[in-house]
Amino acid sequence: MAEREQQHVRVAVIGSGFGGLGAAVRLRRQGITDFVVLERADAVGGTWRDNSYPGCACDVPSHLYSFSFAPNPEWPRNFSGQEHIRAYLERVTDTFGLRPHIRFNAEVRGLRWSGSALHWEIETASGALTADVVVSATGPLSDPKLPDVPGLDTFPGKVFHSARWDHDYDLRGKRVAMIGTGASAIQIVPAIQPEVSRLTLFQRTPPWVLPRADRRISAAEKWLHTKVPATRAARRGLLWGIRELQVSAFTKRPNELGLIEFLAKNHLRKAIKDPAMRAALTPDYRIGCKRILLSNTYYPALARPNVDLVPAGLKEVRGATLVAADGSETEADAIVFGTGFHVTDMPIAQRVTGANGTTLAEEWKDGMAALRGASAAGFPNFLTLIGPNTGLGNSSMILMIEAQLNYMADFLRQLDVLGGKIALNARQSAVDEWTRKIQRRMERTVWNTGGCDSWYLDANGRNTTAWPGTTAEFKKVTRQVDLAEYEVLRPPRAAVGTSGSARAEVAV
């Protein structure tokens, strides 16, 4: 039987969360239908599919945390829950006819650039294919990060990460240890506190927590947003504008955040009456240095009689006994890790081999760097959505994704204009200059000066995660591709086969 010819597509998108689905919609709108979306799971949704823990919800208002081209007048709350956001992404998938393009259960195991063929060779769990352009939309919150705790393998009970919640395990009546106090933990704690017999929270660093201005969106509001779209746009614009005005305090004048700290301390004081506990829950760093969290139920849950706060991290596990860094011991039936994700060391980078035969992870060993958050030098026709220094501390990442989709669209237009078999490779000098500017601006930000150790910083202490400006500015700098920042690659004249070792010719 003849071997089936390997599929070739113009664009391969990795991931079907907000970034991947947004890319797919933009491709179709641009008249490009020769593309696939490679999804490792059996459904769309990305982080909103994977994070289904009790209490999971967004901390950005719903009308801002959605695509501008796919408004939803039916959001049930100001801050919608995981199930509503996931349902929204399913509707986007169907409304824009994306399902025929999606390959489920097709985890990408490796990508290798072919210098002779000027395309990417892709190995997935469901087979191989090639693509002219790859758009990586795996996102920074996709691969859970578990700490290396001595003795964890001796624990006889249940252990799981918040992003891999085991819904078959019944927490009712159990002694549960919650490790971590980030955005997931402050939602999980009040959700499970009423049903567990004992909840022990291991807090290495207390977060700043502000009140959550959440409420149910009325039927009248939904009707108005449906019948008069201008009201929906005005609501989104107001939410956006307020957050744009806040940016300078985070990026240029952190000392102006004192009033916000006062509000957070007042929020803590109202819920926690015990002075010792209040002191343990009061951060010693500037607000905004770590992500500011929103909750009306976190502090009241901690004050309940079946909750213990351990103001130290988990140091060791001895069977069913958990030992904290302060020496205290706790017995537990289950351990839930809310310890975040591989953000500055994204696993996909280990699977991408570029033009020089090195992986993206190897190139990023001293810190992630990509031109305009999208293009890494030595990785032609490879674009990252939510790449280095595109994260936000106070607004909606969907705004950043849509800005990068503009850049992706112009990248593909430039390839069409140049014509023929061609590739664009970010110049190292352009990447270096972009990175220098970003890091120079980062020096004044609260993330670098606030006195905390956050997931924004990589192993070298560099902030390779956050964007030190407004979303409007980012949209401006990603509006179009500057060809002066790229090398134009054409196939070598004597190219034979598709060996990745052949080098393409650079067109001057």
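Thresholds applied
- Residues numbered from 1 in each chain as written.
- Predicted model: local features only at pLDDT ≥ 70, side-chain atom pairs only at ≥ 80, totals over all residues.
- Heavy atoms only, no water.
- Helix = DSSP H or I, 4+ residues; strand = E, 2+ residues; numbered from the N terminus.
- Expected span 1.5 Å × (residues − 1).
- Buried < 20%, exposed > 50% of the residue type's maximum accessible area, 1.4 Å probe, protein only.
- Contact = heavy atoms within 4.5 Å.
- Salt bridge = Lys/Arg side-chain N within 4 Å of Asp/Glu carboxyl O.
- Pairing = 2+ DSSP bridges.
- Axes fitted to C-alpha atoms, helices over the stretch in contact; angles between N-to-C directions.
- pLDDT = per-residue confidence, 0-100.
- Parallel < 35°, antiparallel > 145°, perpendicular 65-115°, else oblique.
- Left-handed = near helix turned anticlockwise from the far one by under 90°.
- Nonpolar A, V, L, I, M, F, W, Y, C, P; charged D, E, K, R; others polar.
- Phe/Tyr/Trp six-rings, centres within 6.5 Å; stacked < 30°, edge-to-face > 60°.
- Right-handed = clockwise from strand over helix to strand, strands pointing away.
- Lys, Arg positive; Asp, Glu negative; His and termini not counted.
- Polar contact = N/O pair within 3.5 Å; in protein donor to acceptor, adjacent residues only side chain to side chain.

Draft legend 1. Looking closely at helix 1 (residues 18-29). Along its 12 residues, helix 1 runs 16 Å from first to last C-alpha, staying within 8% of the 16 Å computed at 1.5 Å per residue. Most of helix 1 sits inside the fold, with 9 of its 12 residues counted as buried. Those residues of helix 1 that fall on the buried side of the exposure criterion are Phe-18, Gly-19, Gly-20, Leu-21, Gly-22, Ala-23, Ala-24, Val-25 and Leu-27. Downstream of helix 1 by a residue or two, Gly-31 has a phi angle that is positive, lying close to 85°.

Draft legend 2. A look at helix 4 (residues 185-192). Within helix 4, 7 of the 8 residues are buried, which leaves it mostly tucked inside the rest of the structure. What helix 4 keeps buried is the set Ala-185, Ile-186, Gln-187, Ile-188, Val-189, Pro-190 and Ile-192. In this structure, the buried residues of helix 4 make contact with strand 8 (175-179), strand 9 (198-202), strand 11 (293-294) and helix 9 (298-302).

Draft legend 3. Just the pattern of salt bridges, in detail. A full pass over the atoms with the stated rule returns 25 salt bridges. Across the pair Lys-158 and Asp-166 runs a salt bridge whose closest N-O atoms are separated by 2.7 Å. Judged by its relative accessible area of 28%, Lys-158 falls in the partly exposed class. Here the residues in one salt-bridge network are Glu-39, Arg-49, Asp-50 and Arg-164, joined through shared partners.

Draft legend 4. Highlighting the sheet that holds strand 12 (residues 307-310). Ordered in space as 7-16-8-9-12, the 5 strands form an open sheet in which the pairing is parallel. Every interior strand has two partners, whereas the edge strands, strand 7 (158-161) and strand 12, have only one. Adjacent strand axes in the sheet meet at a mean angle of 15°, parallel and antiparallel pairs treated alike. In terms of strand pairing, strand 9 meets strand 12 through 4 bridges, oriented parallel. Its bridge partner being in strand 12, Phe-202 is matched across the sheet by Val-310.

Draft legend 5. Quick look at the confidence of the model for the protein chain. The pLDDT averaged across the protein chain works out to 95; a share of 96% of its residues lies at or above 70. Here residues 495-502 is a poorly scored stretch, pLDDT under 50, and it has 15 contacts once near neighbours within four places are set aside; other chains count.

Draft legend 6. Structural context of the packing of helix 1 against helix 11 (residues 397-418). Running from N to C, helix 1 and helix 11 cross one another at 40°; their axes reach a closest spacing of 10 Å. Classified by the interaxial angle, the pair formed by helix 1 and helix 11 is oblique. The two elements helix 1 and helix 11 meet at a crossing, and its hand is right-handed. On helix 11, the residues that touch Phe-18, Gly-19, Gly-22, Ala-23, Arg-26 and Leu-27 of helix 1 are Ile-398, Ile-401, Leu-405, Asn-406, Met-408, Ala-409 and Leu-412. Here the residues of the contact of helix 1 with helix 11 are counted per class, giving 9 nonpolar, 3 polar and 1 charged.

Draft legend 7. A look at the packing of aromatic side chains. Following the criterion strictly, the structure yields 16 aromatic pairs and no others. With 4.8 Å between their ring centres and 70° between their planes, Phe-160 and Trp-165 make a pair best called edge-to-face. A residue is classified by how much of its surface remains accessible, and Phe-160, at 7% relative accessible area, is buried. The class for Trp-165 is buried, based on a relative accessible area of 11%. Ring centres of Trp-434 and Trp-467 lie 6.2 Å apart, and the angle between their planes is 15°; this geometry places the pair in the stacked category. Within this pair, whereas Trp-434 is found in helix 12 (residues 428-442), its partner Trp-467 is found in the loop between helix 13 (446-449) and helix 14 (471-477), the two being separated by 33 residues in sequence. The buried category is assigned to Trp-434, whose relative accessible area is 12%.

Draft legend 8. The arrangement of the pairing of strand 8 in detail. With 4 of its 5 residues buried, strand 8 lies for the most part within the structure. Assessed by its sense of winding, the connection that carries the chain from strand 8 through helix 4 to strand 9 is right-handed. Relative to strand 16 (residues 334-337), strand 8 runs parallel, the two sharing 4 bridges. Opposite Met-178, over in strand 16, you have Val-336 as the bridge partner.

Draft legend 9. Examining the sheet that holds strand 13 (residues 314-318) more closely. Ordered by their spatial adjacency, 3 strands build an open sheet running 13-14-15, and the pairing between neighbours is antiparallel. One side of each edge strand has no neighbouring strand; the edge strands of this open sheet are strand 13 and strand 15 (329-331). Each strand axis lies, on average, 25° off the axis of its neighbour in the sheet, ignoring direction. Sheet topology note: the strand 13/strand 14 (residues 321-324) ladder contains 4 bridges and is antiparallel. Bridging across to strand 14, Arg-318 finds its partner in Thr-321.

Draft legend 10. Layout of the side chain of Arg-236. Residue position: Arg-236 is located in helix 6 (residues 229-251). Nearest to the buried, unbridged Arg-236 among oppositely charged side chains is Glu-402, at 4.1 Å. Within the local environment of Arg-236, its side chain forms a polar contact with the backbone oxygen of His-63, the two atoms lying 3.1 Å apart. Those residues within four positions of Arg-236 in sequence are excluded, and the remaining contacts are His-63, Leu-64, Ser-66, Phe-67, Ser-68, Leu-399 and Glu-402.

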